[in-house]
Each structure stands twice: as structure tokens, then as C-alpha cells.
Amino acid sequence: MKRISTRQLRKWAGDGRKITMVTCYDATFARLVDAAGVDAILIGDSLGMVIQGHAHTLPVTLDEVIYHCRAVARGCARPHLVGDLPFGTYQGNVDEAVMNAARLMKEGGVQAVKLEGGAHCAPMIERMTRAGIPVMGHLGLTPQSVHQFGGYRIQGKTVDAAERLLADARALQDAGCYALVLEGIPAALAERVSAALAIPTIGIGAGPHCDGQVLVLYDLLGLDGRFAPKFLKKYADLERVVTDAVRAYGEEVKSGAFPAAEHSH
Ligand code: KIV
């Protein structure tokens, strides 16, 4: 089956059909996400936190994202695949940024790359787009700038900051971005940006007015009970499901109830 294209995402947004996107990092979950009918998968550098156990996304390398992209690409046939360019792989010179983006597509098997930042990223987005690399932008509470923000704080709250974000969004669209993630900004600002742009906006912690929504898969599945920000809705309590199942296994091994006759050759 053919993967969902950038063109299809744009058409859906134009038709008012919301785009569904989740992060994913391995083939097993990719298969399940595909079976659940999700439109797009982001192999996000959030893998640094939920897979690798770091406090933030900054340590993630390009090789690590490529490794996870390949696993996801093998696990699903239909969702649109976007690979995240990690911190330090596109902030230097434009040539290096384009080569890193090309590596992510070529070796990772994704259809597009995502990068964080505003108008200052326009030159590299233009070059990537001209090289045939679709680019998804990312504005607002961009996690790679956590140290600059002084923590994970909602962005675009003042009139000036909101105007700057709107100008950045227009600059990213003009540079060639085919879609834009809006993270951690007031719903009213996300509504303004979405109305001002022709490209789809995909929100996380940005209210209901975006053209689509993205969540970190482990968060929506409730795999970490300690993480409960306001923007997150948990659709399952897999922390409990997993710990209960593994505890039951451990108890049955100790008691001798497992393996029973039907599990033995
Ligand atoms: O890395 C990631 O998971 C992301 C999403 C939160 C948008 O960038």
C-alpha cells in the first residue's frame, strides 16, 4: 500500500478533515499504529526521553534517529513518515543541514524531515526543499530550546511573542515547509496561525483549532504515570497493564504455576 503523501495531508487539511499523528520508535508499535488508522508517524527526538531515559532531547544523535526510522518504516506500510532532525544537525551551516536531512531520508526511509525554529531556519528549509526534501516546521515550545526557555514553558503568551510566532510561521511557509507543528502555545494563537497559513498546522498543547494533532505515543498510552501535563489526554493506563502483567508472570514463575502442562512440550 502507498504511504500517505504530503499532498494528501494538505488536501485533508483543505477539506477540514483533521490529520492524526503520533510519535513512534519501533516496528511493533508502528504496526499497531498503522492498524489503528493513524495518518502520520513522527519518529521524534522525544525518543531521547521515552526510549533512552534522558531528561531532554538534546543528546539524541542523527544515527540514533535513523536507526529508529528504519525500524518504524519496516513495521508499517501506510502512515506518512517524518524523521526529526536532532539538535546540532542543522543549526550549523546550510550545506551540512541539507546533507544531514538527505541522510535521514535516504538511510531512515522517511518521506520528510522535521526541524525546530523560526525565520532564521528559512535558508536551510529553502535549500532542502529545492533538493527534494519535504520539511515540516516546528514552532512554540520547541524542546531543543529548553535551556534557552529556562524550562518547558508555554510560548507566545505576550502580544509581541504572538506576533513574532505568527511572522515565523509565515516565513517557514514561504521557505517551503509543507506543514507546521505548533507546540505549547495558547489555543487562540494556534487558531490565528492556522487561519493565516495555507499549509496544515499540527498541534500539541496548542488547542483544538489546528488542522491536526500529534501526541507522543508513550504519553497517550499512559506508560508513565508521573507525566501528566494539562495538554495530555491518556487513552490507556499501560503503566498499570504492563506492571500487572509482568508481576503476574513473576509470581507464577515463583509459584510454579507457569509454565503449566499446556505450555510444555
Ligand atoms: O520529538 C517529538 O516527539 C516531537 C513532538 C512532541 C512534536 O517533536
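Since the structure is predicted, the reported quantities are computational estimates derived from the model, not experimental observations.

1. Some points on the sheet that holds strand β1 (residues 19-23)
With parallel pairing, eight strands are arranged side by side around a closed barrel as β1-β2-β3-β4-β5-β6-β7-β8. On average, each strand axis in the sheet is tilted by 25° relative to the strand beside it, whichever way the strands run. With four bridges connecting them, strand β6 (residues 179-183) and strand β7 (residues 201-204) associate as parallel partners. Of the residues in β7, the one forming a bridge with Glu 183 is Ile 204.

2. Quick look at unusual backbone geometry
Residue Pro 259 is bonded to the preceding Phe 258 through a cis peptide linkage, with omega at 0°. Turning to its location among the elements, Pro 259 is positioned in the segment after α11 (238-255).

3. Points about the pattern of salt bridges
This structure, assessed with the given rule, holds 10 salt bridges. For Asp 39, the salt bridge is made with Arg 17, and the minimal N-O distance between the two is 2.6 Å. Here Asp 39 is found in the loop between α2 (27-35) and β2 (40-43), whereas its partner Arg 17 is found in the loop between α1 (6-15) and β1, with 22 residues between them in sequence. The partly exposed category is assigned to Arg 17, whose relative accessible area is 31%. For Arg 127, the salt bridge identified is with Asp 95, shortest N-O distance 2.9 Å. With Arg 127 in helix α6 (residues 122-130) and Asp 95 in helix α5 (residues 94-108), this residue pair connects regions lying 32 residues apart in the sequence. In the salt-bridge network here, residues are joined through shared partners; they are Asp 63, Arg 103 and Glu 107.

4. Side note on the domain arrangement of the protein chain
Domain assignment breaks the protein chain into domain 1 (6-234) and domain 2 (238-265). In this structure, domain 1 and domain 2 have C-alpha centres spaced 39 Å apart.

5. Details of the nonpolar core
Ranked by internal contacts, the top residues of the largest apolar core, which has 76 residues, are Met 128 and Leu 182. Per-element accounting of this core gives the leading share, six residues, to helix α8 (residues 159-175). Leaving out residues up to four positions away in the same chain, Met 128 has contacts with Leu 85, Ala 97, Val 98, Ala 101, Val 113, Leu 115, Ile 133 and Val 135.

6. With respect to the pairing of strand β8 (residues 212-215)
Side-chain positions along a regular strand alternate between the two faces of the sheet. Note: β1 against β8, four bridges, orientation parallel. Along β8, the bridge assignment pairs Met 21 with Val 214. Examined bridge by bridge, β7 and β8 share two bridges and lie parallel to one another. Across the sheet, residue Ile 202 finds its bridge partner in β8, namely Gly 212.

7. Let's talk about the packing of aromatic side chains
Scanning the entire structure with this criterion turns up three aromatic pairs. Taking 5.7 Å as the distance between ring centres and 85° as the angle between the ring planes, the aromatic pair formed by Tyr 25 and Tyr 218 counts as edge-to-face. Placement of Tyr 25 in the loop between β1 and α2 and of Tyr 218 in helix α10 (residues 217-220) is noted, with a sequence separation of 193 residues between them. Tyr 25 sits in the buried class, given a relative accessible area of 2%. Each ring, one from Phe 29 and one from Tyr 218, has its centre 5.8 Å from the other, and the planes form 55°; the classification is tilted.

8. Considering a nonpolar patch on the surface
Taken together, the side chains of Val 241, Val 242, Val 246, Tyr 249, Val 253 and Phe 258 define a hydrophobic patch exposed on the protein surface, amounting to about 520 Å² of accessible area. Counting through the fold element by element, Tyr 249 comes out in helix α11.

About the cut-offs
- Residues numbered from 1 in each chain as written.
- Predicted model: local features only at pLDDT ≥ 70, side-chain atom pairs only at ≥ 80, totals over all residues.
- Heavy atoms only, no water.
- Pairing = 2+ DSSP bridges.
- Helix = DSSP H or I, 4+ residues; strand = E, 2+ residues; numbered from the N terminus.
- Axes fitted to C-alpha atoms, helices over the stretch in contact; angles between N-to-C directions.
- Salt bridge = Lys/Arg side-chain N within 4 Å of Asp/Glu carboxyl O.
- Buried < 20%, exposed > 50% of the residue type's maximum accessible area, 1.4 Å probe, protein only.
- Domains from an automatic or database assignment.
- Core = buried A, V, L, I, M, F, W, Y, C linked by side-chain atoms within 4.5 Å.
- Contact = heavy atoms within 4.5 Å.
- Phe/Tyr/Trp six-rings, centres within 6.5 Å; stacked < 30°, edge-to-face > 60°.
- Patch = residues over 30% accessible without salt bridge, like charges linked within 9 Å, V, L, I, M, F, W, Y side chains within 5 Å.
- Areas by Shrake-Rupley, 256 points an atom, 1.4 Å probe, with all protein chains shown as cover.

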